[in-house]
Amino acid sequence: MPRINPSRSKLGRFLDKKGYSQSRLARQTGLNKNTITKVFIDSTYIPSGQTIKRIMNVLKTIDPKSKAEDFFDI
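Residues numbered from 1 in each chain as written. Predicted model: local features only at pLDDT ≥ 70, side-chain atom pairs only at ≥ 80, totals over all residues. Heavy atoms only, no water.

K.L.:
Could you give an account of the packing of aromatic side chains, naming the residues involved and the relevant values?
P.N.:
Going through the model one piece at a time under the given rule, you end up with 1 aromatic pair. Directly above the aromatic system of Y20 lies the positively charged group of R24, at a separation of 4.0 Å from the ring centroid. (Phe/Tyr/Trp six-rings, centres within 6.5 Å; stacked < 30°, edge-to-face > 60°. Lys NZ or Arg CZ within 6 Å of the ring centre and 35° of its normal.)

Right, here's the structure in full:
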């Protein structure tokens, strides 16, 4: 079972639990690795609407019930 880091963002903890790496999310979303790192570790970071949409497209394949509000304070 993957180790979960409590200092991660909600999204980071969710993806850690699912065994999803930052590299894999960056590859699947086409987003910059720096953006993905910030989304994983900074719970106060609110990405642009387009970035959230790209991330949510991937998250919906992991858990179809996922909502942006579950991971981002929007």
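K.L.:
Hey, could you go over the environment of L11 for me, with residue numbers and the actual values?
P.N.:
With respect to the helices, strands and loops of the structure, L11 is situated in helix α1 (residues 10-18). Using a relative accessible area of 0% as the deciding quantity, one classes L11 as buried. C-alpha separation for the pair L11 and I46, spaced 35 residues apart in sequence, amounts to 11 Å. (Helix = DSSP H or I, 4+ residues; strand = E, 2+ residues; numbered from the N terminus. Buried < 20%, exposed > 50% of the residue type's maximum accessible area, 1.4 Å probe, protein only.)

K.L.:
Any details on the packing of helix α2 (residues 22-29) against helix α3 (residues 33-41)? Residues and values, ideally.
P.N.:
The geometry of α2 relative to α3 is characterised by a closest axis approach of 9 Å and an angle of 125° between their N-to-C directions. The angle between α2 and α3 falls in the class oblique. Our pair here, α2 against α3, has a crossing hand that is right-handed. Facing α2, whose interface residues are Q22, S23, L25, A26 and T29, α3 presents K33, I36, T37 and F40. Grouping the constituent residues of the contact of α2 with α3 by class yields 4 nonpolar, 4 polar and 1 charged. (Axes fitted to C-alpha atoms, helices over the stretch in contact; angles between N-to-C directions. Parallel < 35°, antiparallel > 145°, perpendicular 65-115°, else oblique. Left-handed = near helix turned anticlockwise from the far one by under 90°. Contact = heavy atoms within 4.5 Å. Nonpolar A, V, L, I, M, F, W, Y, C, P; charged D, E, K, R; others polar.)

K.L.:
Any chance you could break down α2 for me, citing the residues and the numbers?
P.N.:
Among all positions of α2, only Q22, L25, A26 and T29 are buried. Mapping the buried residues of α2 onto a view down its axis gives an arc of 100°, with all of them on the same face. Phi turns positive, to about 75°, at G30, one or two residues after α2. (Arc of directions from axis to C-beta.)

K.L.:
Any chance you could break down the nonpolar core for me, citing the residues and the numbers?
P.N.:
Core analysis: the largest hydrophobic core is formed by 18 residues, its most contacted members being L11, L15, I55, M56, L59, F71 and F72. Every element with two or more residues in this core is listed here: α1, α2, α3 and α4 (49-62). A total of 5 residues in this core trace back to one element, the largest contributor, which is α4. When neighbours within four sequence positions are excluded, M56 is seen to be in contact with S66, K67, A68, F71 and F72. (Core = buried A, V, L, I, M, F, W, Y, C linked by side-chain atoms within 4.5 Å.)

Geometry only, nothing functional implied.
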